[in-house]
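Spelled out, the chains give:
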Amino acid sequence: MSELVPLFVVIPLASAFLIPVIGRFVPWFQKSLTLLVLLFLTILSLSYLFTNTGETLAYKVGGWENVEHVPIAIFLVLDGLSGFIVLIINMLGFLSAFYAVSYINKYTAENNFYALLCLMIAGMNGVALTGDLFNLYVFLEIAVIASYALVAFGIERNQLEASFKYQVLGGIASILILFGVGMIYWLTKTLNFADASTILAQHAGSPTVTFIQVMLVVGFGLKAAMIPFHAWLPDAHSSAPSPISAMLSGVLIKAIGIYALIRLFFNVFTISSEIAIVITTIGALSMVIGGLLALRQWDVKRLFAFSSISQVGYVAMAIGIGMIVIARGGSQTVASLAIAGGLFHLINHAVFKGLLFLNAGAIEYRINTRNLKEMGNLAQFMPWTASTSFGASMSVAGIPPFAGFFSKLLIIIAAIKGGFFFLAALAVLVSVLTISMYMKYQRYAFFNKAHSEDRMKIKDVPFPMAFSMVIMGVLCLIMSLLIFPGVREIILDPAVDVLMKSSAYATTIIGM
Amino acid sequence: MIVYSLCFVLFMVGLYGVVTRRNMIKIVIGLAIMEISIFMFLVLIGYIQGAEAPIITGHETAVQFVDPLPQAMVLTAIVIGLATNAMLLAIAIRIYKNYGTFDIRKVNELKG
């Protein structure tokens, strides 16, 4: 099956090229092609995860075989963690694209929208699959350039300003990442993850390696909008069209921020406790400050965007706790519990935050406002939006039996077992903050007295939008199954294994 | 060593431009300068004093060749830099059409 791995990049890239060319002459071409492509890729990633027997699929671009155990080709590697991320990207991409079928009517350039969406997905799939440092940078830039254009898609004042801000900060982040990649090449004379990791292991703890790690933490931290670097996120994510907000908040910051960071720090560098403490600290800071900032927002999408910072903080903190425990030689069970909690929260956040942004888009589609004070009593007129939004709010707030509860529970248990009582207390506290902000959203949007009666005589959203939201609402509930034995072994455990057996990655690639 | 320090100086010049300038075009120029300083650093990584270009002609005099891989990387990175700069400038021009100014202080409707 390893011949199928490049399809994840090639197919969306090719459709991004074909859509503007053919879509001009053939109506419905852009929509149907995007949907078909993303559905196919979702099925492909699911089929990998379900038939997976723990083996790593690697495709050598150009067909160059390893010479004396030195990898020469550019590798595209599909293992448990990549499969997990690729599944999130394509599943959410499909649902957002399906939602966009009717949402995007209010914009003119449909072809460009779908082409940019495909380009962004190609870039993110590339980041998730690549096994080469410079290739990581290239795919990352493909994804972010498409996202810059998509943030500015409405070309109104706010969109343009948000996009400019995003581009300047994103540009600095890319420069720092490229610098880090260059430094790794200078130190190891290789760009392959596996090869670099064996050489970096000999330099573990040297000042140069620490310097590179700091550069990469800052670069990917900017891309993931961790707290000292978060300034662009609320603007960019709230200005984009709603299906794109769902993709940016649900997938992009994780695929090119968190995923790239953990892949490099677990599988390329030797885990050092200093960097682990840094990641835990910025994760905890993001969690708390993002939550506090979200409380005072009245713009729905800005509230969700700040809450994204907070929830991604949970993920980073959990992964950081796992790294600290591994670096200090602590119990493997605790470390794998923390990492499982982080990854589980990552996929949960992708689904519920994607759903919340789609709900915000549905409200904007009907009553054309994002201000909570101007909404009210929508539950009566928009039952699908209201009920799915309720599910998502409960999931993000961590109310059982929704999936968000189990992931937060895992993170808190891991923090307590690892001896990080302060962090566990913070996680509980921020969970309370999260409940309060989503209570506010529910109350003002769906249950309060209507702001103006005549405006509220509206219908629910059209079928494609409702369909995507309902699917994601159901996912919010049934994803809690992921943590139970039987289902856990299919999706979550392979991803955790890749990070726990961090040196196995290098041995597998070099042994090919 | 001096060349490496000059790279760093160039990086700082670009960063200074991005941080202090108010004009959007100058911010874009600052970013481009930062990018170019990194490109120079990448080329320097592969450079070896007294080595030849890595082209096999059958008449090489030196035994050492410079590393060609960073050069390939820089070529790719320049193309990517072109795309990001074009994107930035396109947005800057759109902002100018909307606000009638390039001054970043006057483009402040969002609160960050």
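Residues numbered from 1 in each chain as written. Chains lettered and ligands numbered in written order. Predicted model: local features only at pLDDT ≥ 70, side-chain atom pairs only at ≥ 80, totals over all residues. Heavy atoms only, no water.

Chemist: Before we move on, can you summarise the side chain of Ser37(B) with the specific residues and values?
Modeler: Residue and element names in this part refer to chain B. Take Ser37: it is sitting in helix α2 (residues 24–46). Residue class for Ser37 comes out buried when judged on its relative accessible area of 1%. Not counting chain neighbours up to four residues away, the residues in contact with Ser37 comprise Cys7, Leu10 and Phe11. (Helix = DSSP H or I, 4+ residues; strand = E, 2+ residues; numbered from the N terminus. Buried < 20%, exposed > 50% of the residue type's maximum accessible area, 1.4 Å probe, protein only. Contact = heavy atoms within 4.5 Å.)

Chemist: Pulling in residues and values, what's your account of the packing of helix α6 (residues 157–188) of chain A against helix α7 (residues 193–202) of chain A?
Modeler: Between two packed helices, both the angle of their axes relative to each other and the distance between the axes serve to describe the pair. Residue and element names in this part refer to chain A. Running from N to C, α6 and α7 cross one another at 70 degrees; their axes reach a closest spacing of 10 Å. One element, α6, and the other, α7, form an angle in the roughly perpendicular class. Classified by chirality, the crossing of α7 by α6 is left-handed. In contact with Ile184, Leu187 and Thr188 of α6, α7 contributes Ala196, Ile199 and Leu200. (Axes fitted to C-alpha atoms, helices over the stretch in contact; angles between N-to-C directions. Parallel < 35°, antiparallel > 145°, perpendicular 65-115°, else oblique. Left-handed = near helix turned anticlockwise from the far one by under 90°.)

Chemist: Any chance you could break down the nonpolar core for me, citing the residues and the numbers?
Modeler: Residues and elements named next belong to chain A. Phe84, Met124, Leu264, Leu343 and Tyr441 are the most contacted members of the largest nonpolar core, which has 245 residues in total. If one sorts the elements of this core by residue count, helix α13 (residues 332–367) sits on top with 21 residues. Not counting residues up to four positions away in its chain, the partners in contact with Met124 are Ile89, Ala143, Met247, Val251, Leu252, Ala255 and Ile256. (Core = buried A, V, L, I, M, F, W, Y, C linked by side-chain atoms within 4.5 Å.)

Chemist: Before we move on, can you summarise the packing of aromatic side chains with the specific residues and values?
Modeler: The final tally for this structure, using the stated rule, is 26 aromatic pairs over all chains. Ring plane angle 90 degrees and centroid distance 6.5 Å describe the contact between Tyr438(A) and Tyr441(A), whose orientation is recorded as edge-to-face. With a gap of three residues between them, Tyr438(A) and Tyr441(A) both fall in helix α17 (residues 421–447), about one helical turn apart. Residues Tyr438(A) and Tyr441(A) agree in their burial class; the two are buried. Between the aromatic rings of Tyr96(B) and Phe102(B), the centroid separation amounts to 4.6 Å while the plane-to-plane angle is 25 degrees, which identifies the pairing as stacked. Given a relative accessible area of 23%, Phe102(B) falls into the partly exposed group. Joined through ring pairs, the aromatic side chains of Phe304(A), Phe357(A), Tyr438(A), Tyr441(A) and Phe446(A) make up one cluster. (Phe/Tyr/Trp six-rings, centres within 6.5 Å; stacked < 30°, edge-to-face > 60°.)

Chemist: Summarise the environment of Val28(B); cite the residues concerned and give the values.
Modeler: Inspection of the secondary structure assignment puts Val28(B) in helix α2. When its relative accessible area of 5% is taken as the criterion, Val28(B) is described as buried. Put simply, Val28(B) and Gly81(B) are 53 residues apart on the chain and 11 Å apart in space, counted from C-alpha to C-alpha. Here Val28(B) is in contact with Phe164(A), Asn85(B), Leu88(B) and Leu89(B), once residues within four sequence places are set aside.

Chemist: Would you mind going over the side chain of His345(A) in detail, with residue names and values included?
Modeler: Looking at the secondary structure, you find His345(A) in helix α13. Residues within four places of His345(A) in sequence aside, it is in contact with Gln311(A), Tyr314(A), Val315(A), Phe352(A), Ser407(A), Lys408(A) and Ile411(A).

Chemist: Just give me the short version of the interface of chain A and chain B, but keep the residues and values in it.
Modeler: Contact residues are listed per partner, giving 37 residues for chain A and 37 residues for chain B. Buried area between chain A and chain B, both sides added, is near 3,200 Å², and the carbon and sulfur share of it is 76%. It is Arg157(A), Phe164(A) and Ile175(A) in chain A that bury the most area against chain B; as a group they hold 22% of the surface buried on that side. Scanning the region where chain A abuts chain B turns up zero salt bridges. In this assembly, chain A and chain B are joined by three residue pairs in polar contact (both at pLDDT 80 or more). Elements represented by at least two residues in the side of chain A that touches chain B include exactly α5 (133–151), α6, α9 (233–239) and α12 (300–327) of chain A. It is α6(A) that contributes the most residues to the side of chain A that touches chain B, 20 residues altogether. The residue makeup of the side of chain A that touches chain B, split by class, is 24 nonpolar, six polar and seven charged. (Buried area = accessible area lost by both parts, 1.4 Å probe. Salt bridge = Lys/Arg side-chain N within 4 Å of Asp/Glu carboxyl O. Polar contact = N/O pair within 3.5 Å; in protein donor to acceptor, adjacent residues only side chain to side chain. Nonpolar A, V, L, I, M, F, W, Y, C, P; charged D, E, K, R; others polar.)

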